[in-house]
Amino acid sequence: MPLKQYYALPLPEIVSELNTDLKKGLSTQEAQVRLLHYGKNKLEQLSSISPLRIFFAQFSDFLVLLLIGASIISFFIGEKKESLVILFIVIVNGAIGFFQEYRAERSIEALRKLESPHSIVIRDGKEQEIPSEELVPGDIIKLSEGCKIPADARLTLEADFQVNESLLTGESLPVTKGLETLKENTLISERTNMVFSATIVSSGRGKAVVTATGMDTEVGAIARMVQSETKGVTPLQEKIEHLGKILGLVAIGIAIPGFILGYFQGREPFSLFLLFVSLVVSAVPEGLPIIITITLALGVQRLLKAKTLVRRLPIVEVLGGTDVICTDKTGTLTCNAMTVENIVTADYFFDIEGNGFTPQGDVFGSAFSLFEKTQVQEVEKQEENRITPLKAQQLSSLQKVLDGITLCNDATIDLGDPTERALIVASAKLDIEKVELKKQFPRIDEVPFSSDRKYMLTLHQEKDANKTVAFLKGAVEIVLEKCSSVIVGNKTVELTKQHREAIQQMNELLASQGMRVLALGYKKGTEKEFPQQQPPSEFIFAGLIGMIDPPRAEVQPAIATCRHAGIRVVMITGDHRLTAEAIGKKVGLESSNILTGDTLEAMSDAELEIAVEKTSIFARVSSEHKLRILSAFQKNKHVVAMIGDGVNDAPALKKANIGISVGSGTDLSKETSDMVLLDDNFATFEKAIKEGRVIFDNVQKFVHALLAVNLGEILLVLSSILLSVISRKAIPVILLPIHLLWINLLTDSIPAMALGLDGAVDGIMARKPRSQNTTIFSGILFKIIVTGFTFALVTFVVFSLFYPWWLPNLSDKQLLYAQTIAFCLIVFFELFYNFTTRSPRGALHAGLFTNKWLLGAVALCGSLQVLVISVPALRGLFRVTSLDLIDWGIILGSALGGVILLELVFFVVRKVQGTQY
């Protein structure tokens, strides 16, 4: 922020402080001196991005380091192919992570695009155009409609001056600017005597003295926040890192004692070492990172079809654990287009359908008396009393209002102030054509709108050349002051005190619904009666016009779905409290407790952490406030998604667990976000949440399948060594190193990827979000352990039947035969077990034939295993023997029987626990 609160200082004091002249500006020489002191008026990169640092960071976690170590060991013990496969997977995974992260760090480039290239400045008493980056504090700049403001500045002159500050403050309407000195600590959205870099002049013209440039501007402060905020690792990344550590430590912890025991049993050291290295490599599924990456990438493709662009792969999974969504209002929950919703005359209440600047939508009228009954009661009954769609010509009172808002207007449907465009669109919905109306009633005089007058007056020639009609449009209280009568039906009656009170009550009712309300009056006479210099009076009050930036139609059901899924939706907006409250009610947010920026400013962090748990709407907040709100939610252990579209949203988008921008948002919001809703549709986020939950489920499925069987392999290898100790009889190892490596390569990749393509289980959006304490093992650890022991037990029993190790004089041929049976049994057991992992309620519940990718993966892997046994050259390489049909029947039957046994065990457990899962 600027060092001084220039909005709170009298203008002469600012001029003295900045040592400038309002008429002559700075001298060229003085401007050059200041440029050297302050630096160029542009945004700086506070810390450079090191591609090398980002690249090496991809290889720093424990799992990756362990895999690199295993690869090196495998290379030196002669398993070069296995070593190269591991290294390939590690490098591919690292490269994908590098490109995703490097691209996500370009936020500041988008901020630079906001800078205005040239400015009109007064120097040496002359008006000249200079590059905006050469502006310095003290420069006097000229501003006009449509220009991008190049620096923060205090206004010195304004004429009907309005600025669109939505990208900075979130305010949906243009802000009317003035010259009045404000009090200290005024919120940025209410600093009406200041203009800010990167915002756009909506209308009027002005002059201002530059008070801050470059990184000292409000946009510069946001740039600092964007660069200082860091996004932590995602829950999935944390879980995979944790999983890698557990697997590595467990595998090493088992391998070292196993090697020692085997060594003292007299087993050959090198063979024993090779066996346990292979066991460690098999226990740590080196394909897991790349399988997860592929699963995420496929999810990203599905989301892209649903109009959601994902910029960081791991962030997709975060959606599944999101339990709070903080969303901007303007352009996200609403259409970001002012829309006239109601017109109220003395005898009718009109509902106008349709949103935005498209002239489509019917108009319905409800007959009631504005002056005889309680307005609130009558408005609530309008649905019952609505008549068929109207044409403007059917009611004279409505015709007057439409003529007035069309003729007393400088906009068209496509161009102009958003408020005036909304009025033209409302007229067009009732077939009022501005071009034709202007021909019938040409404008001959006008009093333009100003922030001081708060009204606009236009004078028009009627068909009778001696008669004119004037239209007065503006703030309700101002128009009422200038009206002496009111039109009721086809009659004009005196505007009494009771009438004025009734109109004000209706004004308050519409305003309480978040609407901006204008009043319209008219007067007929002769041209001489309307000299521009005299204030208007004796007008006829025609009606009120209520307009709002309406919520998107699909937002309310989407919020209801989120609530059903256990996700809180919180609105954070720079708009007024009443507007925020009205929109909140329409979209289904709890609006009984609303926090505004000034209240939040007075809260401590501890107080805010309590307040956020019971607040669903935050109004009149700044970028700093948004960061505090997000921090409070995160300190309360929530996984927070932030949806925004403006520059002011960028720091919050970066800080959130998942930042989401909309397609029509600023470049900065897109660059700092993790995802972009391409259709600007909040409801699209519901699909993204579902996809996030599916992805986590699928990751858990293949982790379940991989670890359950890997545990079985570890137990199987150890069983022969431990039984040798117990029985004091040398029992050969059941699996050879080449078997372990082949099983690892075959069954830990293709089937896992097929599980990553699985669809959603029933009721996935009825579940509550995952807790941050949820690990990758939650809900599956018991199954992994039971499956591992069952798998090891079944395989050991089958091996022992073919090689009864307790008997003497067994041949090497018998051992080779038994090892071949065990080797094949393990492969098919794991392939069949993949179907069990697809649903918490078992294979049958998920459907055996619903995942065609898995069916294909099992068929392919099974065929490759048969090929290893059938081809003589491969039999020699893998140290196996040939098998006949009976042998294959035993293998397939045992594998299938083991899986069915597990299904029965898990079924009984669910029944005992009384759960579906």
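Criteria and cut-off values
- Residues numbered from 1 in each chain as written.
- Predicted model: local features only at pLDDT ≥ 70, side-chain atom pairs only at ≥ 80, totals over all residues.
- Heavy atoms only, no water.
- Core = buried A, V, L, I, M, F, W, Y, C linked by side-chain atoms within 4.5 Å.
- Buried < 20%, exposed > 50% of the residue type's maximum accessible area, 1.4 Å probe, protein only.
- Helix = DSSP H or I, 4+ residues; strand = E, 2+ residues; numbered from the N terminus.
- Contact = heavy atoms within 4.5 Å.
- Salt bridge = Lys/Arg side-chain N within 4 Å of Asp/Glu carboxyl O.
- Phe/Tyr/Trp six-rings, centres within 6.5 Å; stacked < 30°, edge-to-face > 60°.
- Axes fitted to C-alpha atoms, helices over the stretch in contact; angles between N-to-C directions.
- Parallel < 35°, antiparallel > 145°, perpendicular 65-115°, else oblique.
- Left-handed = near helix turned anticlockwise from the far one by under 90°.
- Nonpolar A, V, L, I, M, F, W, Y, C, P; charged D, E, K, R; others polar.
- Pairing = 2+ DSSP bridges.
- Expected span 1.5 Å × (residues − 1).
- Arc of directions from axis to C-beta.
- Polar contact = N/O pair within 3.5 Å; in protein donor to acceptor, adjacent residues only side chain to side chain.
- Patch = residues over 30% accessible without salt bridge, like charges linked within 9 Å, V, L, I, M, F, W, Y side chains within 5 Å.
- Areas by Shrake-Rupley, 256 points an atom, 1.4 Å probe, with all protein chains shown as cover.

Our next topic: the nonpolar core. Core analysis: the biggest nonpolar cluster contains 134 residues, and Ile325, Met506, Leu544, Met675, Phe682 and Phe685 have the highest contact counts within it. No other element matches helix H27 (residues 682-727), which puts 16 residues into this core. Contacts of phenylalanine 682, omitting those with residues within four sequence positions, involve Ile325, Thr327, Thr332, Leu333, Val555, Ala558, Ile559, Val569, Ile643 and Leu677.

In this structure, aspartate 124 is a non-glycine residue whose phi angle is positive, near 55°. The topology assignment puts aspartate 124 in the loop between strand E1 (118-123) and strand E2 (126-131). Of note in the backbone geometry, glutamate 538 takes a positive phi value of approximately 60° without being a glycine. The residue glutamate 538 is located in the loop between strand E18 (516-525) and strand E19 (539-548) in this model.

This paragraph deals with the pattern of salt bridges. It is possible for side chains bearing opposite charge to pair when their charged atoms get close. Applying the stated criterion across every chain yields a total of 19 salt bridges. Close ionic contact of glutamate 133 with lysine 40 constitutes a salt bridge, the shortest N to O distance being 3.5 Å. Here glutamate 133 is found in the loop between E2 and strand E3 (140-144), whereas its partner lysine 40 is found in the loop between helix H2 (28-38) and helix H3 (51-57), with 93 residues between them in sequence. Because the salt bridges share partners, they merge into one network encompassing Asp410, Arg443 and Glu446.

The full count for this structure, using the stated rule, is eleven aromatic pairs. Between phenylalanine 799 and tyrosine 803, the aromatic rings sit 5.7 Å apart at their centres with planes inclined by 40°, giving tilted as the arrangement. Tyrosine 803 shares its class with phenylalanine 799; the two are buried. Between the aromatic rings of phenylalanine 828 and tryptophan 888, the centroid separation amounts to 6.1 Å while the plane-to-plane angle is 80°, which identifies the pairing as edge-to-face. Of this pair, phenylalanine 828 sits in helix H31 (residues 812-836) while tryptophan 888 is found in helix H35 (residues 885-913), placing the two residues 60 residues apart along the sequence. Of the two residues, phenylalanine 828 and tryptophan 888, neither departs from the other in class, the shared state being buried. By the ring-pair criterion, three or more aromatic residues cluster together here, those being Phe791, Phe829 and Tyr833.

Turning to the packing of helix H30 (residues 781-802) against H31, a few remarks are in order. Their axes nearest at 9 Å, the elements H30 and H31 cross at an angle of 150°. In this view, H30 runs roughly antiparallel relative to H31, as classed from their interaxial angle. The handedness of the crossing between H30 and H31 comes out as right-handed. The residues of H31 that touch H30, namely those facing Lys783, Thr787, Phe791, Val794, Thr795, Val798, Phe799 and Phe802, are Gln814, Leu815, Tyr817, Ala818, Gln819, Ile821, Ala822, Leu825, Ile826, Phe829 and Tyr833. Tallied by class, residues from the contact of H30 with H31 come to 14 nonpolar, four polar and one charged.

In this structure, glycine 862 sits in helix H33 (residues 852-870). Separated by 31 residues in sequence, glycine 862 and leucine 831 place their C-alpha atoms 7.8 Å apart. Beyond its immediate chain neighbours, meaning those up to four positions away, glycine 862 contacts Phe828 and Leu831.

Our focus in this paragraph is the sheet that holds strand E9 (residues 324-327). Read across the open sheet, the eight strands follow the order E8-E25-E24-E23-E9-E20-E22-E21; overall the sheet is mixed. Looking at which strands have only one partner, the edges of the open sheet turn out to be strand E8 (308-310) and strand E21 (594-596). Strand-to-strand twist of the sheet, defined as the mean angle between neighbouring strand axes without regard to direction, takes the value 20°. Where E8 lies against strand E25 (residues 675-677), three bridges are found, and the strand directions are antiparallel. Across the sheet, residue valine 310 finds its bridge partner in E25, namely methionine 675. On top of the sheet, helix H21 (residues 577-587) reaches strand E20 (568-572), E21 and strand E22 (617-619); it is set at about 155° to E22, its chief contact. Against the sheet, helix H24 (residues 623-635) touches E9, E20, E22 and strand E23 (640-644), its axis set at about 160° to E23.

Right, let's talk about H31 for a bit. Given a rise of 1.5 Å per residue, 25 residues ought to cover 36 Å, and the 36 Å separating the end C-alpha atoms of H31 matches this to within 8%. With 20 of its 25 residues buried, H31 lies for the most part within the structure.

This part is about the pairing of strand E4 (residues 152-164). Direction of pairing for E4 relative to strand E7 (residues 200-212): antiparallel, over a ladder of ten bridges. Counted as the bridge partner of aspartate 152 is alanine 212 from E7. Where E4 and strand E6 (residues 194-195) come together, two bridges link them in antiparallel fashion. Pairing of alanine 153 across the sheet is with valine 195, part of E6.

For the rest of this paragraph, the subject is the packing of H31 against H35. Here H31 crosses H35 at 40°, and the two axes come no closer than 8 Å. In terms of orientation, H31 and H35 fall into the oblique class. Crossing hand, H31 versus H35: right-handed. When H31 is examined against H35, the residues Tyr817, Ile821, Cys824, Leu825, Phe828, Phe829, Phe832, Tyr833 and Thr836 are found in contact with a partner set consisting of Asp887, Trp888, Ile891, Leu892, Ser894, Ala895, Leu896, Gly898, Val899, Leu902, Glu903 and Phe906. Here the residues of the contact of H31 with H35 sort into 16 nonpolar, three polar and two charged.

Between the first and last C-alpha of H33 there are 27 Å, a value that for 19 residues agrees with the 27 Å anticipated at 1.5 Å per step. The set of residues buried in H33 consists of Leu854, Ala857, Val858, Cys861, Gly862, Gln865, Val868 and Ile869. Along H33, the residues classed as buried sweep out an arc of 125° about the axis, all on the same side. Facing away from the buried surface of H33 by more than 90 degrees, the exposed residues are Lys852 and Trp853. Looking at the buried side of H33, the elements it contacts are helix H28 (737-747), helix H29 (750-755), H31, helix H34 (872-878) and H35. The backbone nitrogen of tryptophan 853 has a side-chain oxygen 3.1 Å away, supplied by the residue at the start of H33, namely asparagine 851.

Before going further, it helps to examine a nonpolar patch on the surface. Together, Ile72, Phe75 and Phe76 make up an exposed nonpolar region whose accessible area comes to about 340 Å². For phenylalanine 75, the position within the fold is in helix H4 (residues 62-76). You can call phenylalanine 75 partly exposed: its relative accessible area is 37%.

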